[in-house]
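# Report on the structure
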Amino acid sequence: MTNDAQNKESMKEAIETLNQIASSNSTPKTIKKSITDLITDLNNQENSLSVRAANTISLLDDVTQDPNLPSYVRTQLWQAVSKLESIRE
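Residues numbered from 1 in each chain as written. Predicted model: local features only at pLDDT ≥ 70, side-chain atom pairs only at ≥ 80, totals over all residues. Heavy atoms only, no water.

### Quick word on the nonpolar core
Put simply, the rule reads: Nonpolar cores were defined as sets of buried Ala, Val, Leu, Ile, Met, Phe, Trp, Tyr and Cys residues, with membership established by side-chain atoms within 4.5 Å. Buried residues are those whose accessible area, probed at 1.4 Å on protein chains only, stays under 20% of the maximum for their type, while exposed residues exceed 50% and partly exposed ones sit between those limits. We count a stretch as a helix when DSSP gives it H or I for four or more residues in a row; a strand needs E for two or more, and each element gets its number in order from the N terminus. The contact criterion used is simple: two residues touch if any of their non-hydrogen atoms lie within 4.5 Å.
Met-11, Leu-18, Ile-35, Leu-60, Leu-77 and Leu-84 are the most contacted members of the largest nonpolar core, which totals 23 residues. Within the residue set of this core, elements represented by two or more residues are α1 (2-23), α2 (29-43), α3 (49-64) and α4 (71-85). Element by element, the count of residues in this core is highest for α1, at six residues. For Ile-35, the contacting residues outside a window of four places in its chain are Leu-18, Ile-21, Ala-22, Leu-60 and Leu-77.

### With respect to α3
Convention followed: By definition here, a helix of n residues has an expected span of 1.5 Å times n minus one. To be clear, the arc concerns the directions from the helix axis to the C-beta atoms.
Between its terminal C-alpha atoms α3 stretches 22 Å, which fits the 22 Å expected from 16 residues at 1.5 Å a residue. Considered for burial, the residues of α3 that qualify are Leu-49, Ser-50, Arg-52, Ala-53, Thr-56, Ile-57, Leu-60, Val-63 and Thr-64. Here the buried residues of α3 occupy an arc of 145° about the axis, which is enough to place them on one side.

### Quick notes on the pattern of salt bridges
Basically, it comes down to this: We define a salt bridge as a contact between a side-chain nitrogen of Lys or Arg and a carboxyl oxygen of Asp or Glu at a distance within 4 Å.
Applying the stated criterion across every chain yields a total of four salt bridges. When the shortest N-O distance is used, the salt bridge between Asp-4 and Lys-8 registers 3.6 Å. Separated by four residues within a single helix, Asp-4 and Lys-8 lie in helix α1, roughly one turn from each other. Glu-16 is the salt-bridge partner of Lys-12, the closest N and O atoms lying 3.9 Å from each other. Note that Lys-12 and Glu-16 are positioned in helix α1 at a spacing of four residues, about one turn of the helix. Taking relative accessible area as the criterion, Lys-12 reaches 46% and is therefore assigned partly exposed. With relative accessibility at 41%, the residue Glu-16 sits in the partly exposed group.

### Digging into the environment of Asp-41
Relative to the helices and strands, Asp-41 resides in helix α2. By relative accessible area, which is 41% here, Asp-41 ends up partly exposed. Counting along the chain gives 11 residues from Asp-41 to Arg-52, while the straight-line C-alpha distance between them is 7.0 Å.

### Digging into the side chain of Asn-7
By secondary structure assignment, the location of Asn-7 is in helix α1. Overall, Asn-7 belongs to the buried group, its relative accessible area being 5%. The residues contacting Asn-7, other than those within four sequence positions of it, are Leu-49, Ser-86, Ile-87 and Arg-88.

### What about the packing of α2 against α3?
Under the convention used in this document: All axes are obtained by fitting lines to C-alpha atoms, using only the stretch in contact for helices, and the reported angles, taken between N-to-C directions, cover 0 to 180 degrees. Geometric relationships in this document are graded by angle, where less than 35 degrees denotes roughly parallel, more than 145 denotes roughly antiparallel, 65 to 115 denotes roughly perpendicular, and other angles denote oblique. In this classification, the charged set is Asp, Glu, Lys and Arg, the nonpolar set is Ala, Val, Leu, Ile, Met, Phe, Trp, Tyr, Cys and Pro, and all remaining amino acids, among them Gly, are polar.
It is the contact of α2 with α3, at a shortest axis distance of 9 Å, that shows an interaxial angle of 170°. With respect to each other, α2 and α3 are oriented roughly antiparallel. Packed against α2, whose contacting residues are Ile-31, Ser-34, Ile-35, Leu-38, Asp-41, Leu-42 and Asn-43, the element α3 presents Arg-52, Ala-53, Thr-56, Leu-59, Leu-60 and Val-63 at the interface. Taken together, the residues that form the contact of α2 with α3 break down as eight nonpolar, three polar and two charged.

Note that all results are geometric; they support no functional claim without further evidence.
Structural data, given as structure tokens:
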């Protein structure tokens, strides 16, 4: 039961980080769109937490490769990935 609570807390923290990135004026519009779509996917209850986290990690890896992404935004994205990686079944 504790693991489930930790997973939900990690998911919540990752979503908060992604929301901060999406609402920042310094984030490029194309990145904002990608992040907003990922937040929607993370909030979708169809799949388990771990499946949503794994899918988002994979997509965030693609986003972090964008050459137009400011380095500090990339660092924030890696923080979100770190939170998502801690989610386990």
